[in-house]
Amino acid sequence: KFDHLIDKKMGKDKPLGGKAAAAKDAKDKAAVAAAKEKGVEMMEVRHILVEKHAKALEILEILNSGKMAFNEAAREHSIDKAGRSGLLGWKRRNELDQDFWAAALEIPEGKYSAEPVRTQYGYHIIKVEGRK
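The rules behind these values
- Residues numbered from 1 in each chain as written.
- Predicted model: local features only at pLDDT ≥ 70, side-chain atom pairs only at ≥ 80, totals over all residues.
- Heavy atoms only, no water.
- Buried < 20%, exposed > 50% of the residue type's maximum accessible area, 1.4 Å probe, protein only.
- Helix = DSSP H or I, 4+ residues; strand = E, 2+ residues; numbered from the N terminus.
- Pairing = 2+ DSSP bridges.
- Phe/Tyr/Trp six-rings, centres within 6.5 Å; stacked < 30°, edge-to-face > 60°.

### Quick look at the pairing of strand β3 (residues 42–50)
Looking down a regular strand, the side chains alternate between one sheet face and the other.
At step 1: Taken across its 9 residues, β3 has 8 buried, putting it largely inside the fold.
At step 2: With 5 bridges joining them, β3 and strand β4 (residues 87–92) adopt antiparallel strand pairing. Note on β4: the bridge partner recorded for Val 45 is Gly 89.
At step 3: In the sheet, β3 pairs with strand β7 (residues 122–131) via 8 bridges, with the strands oriented antiparallel. Each bridged residue has a counterpart across the sheet, and for Leu 49 the counterpart in β7 is His 124.

### Some thoughts on the packing of aromatic side chains
At step 1: Summed over the entire model, instances satisfying the criterion amount to 1 aromatic pair.
At step 2: With 5.8 Å between their ring centres and 35° between their planes, Phe 70 and Tyr 112 make a pair best called tilted. Residue Phe 70 is located in helix α3 (residues 70–77), and its partner Tyr 112 is located in strand β5 (residues 111–112); the two are separated by 42 residues in the primary sequence.
At step 3: Overall, Phe 70 belongs to the buried group, its relative accessible area being 0%.

This is the structure:
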């Protein structure tokens, strides 16, 4: 579901391509599998929350094109103004919507979801900053 992930380099979110992408994808999948097997207790996450699926897809296009960084897109587009730059901070499983948590487990650290994630609150673009 999250096969088309974006790598963050030099302050810009840029897509990877070619052999580098294949190697990075394999490494990322291994890291995600290890995190799941080990049992993640907490994740540091950011998100962009919108009401409409179409709006989330529009924001993903902007992020994927490199026209805007994740933090900037969160400040400009997210309806959740509680977290500056979309930062929710370190959260435990019981502190997040279970669909949000499950989706975040699939995302390698430093990357964001390739597709919007629907929860009871709307549509999220989730970025995982770290895991414990």
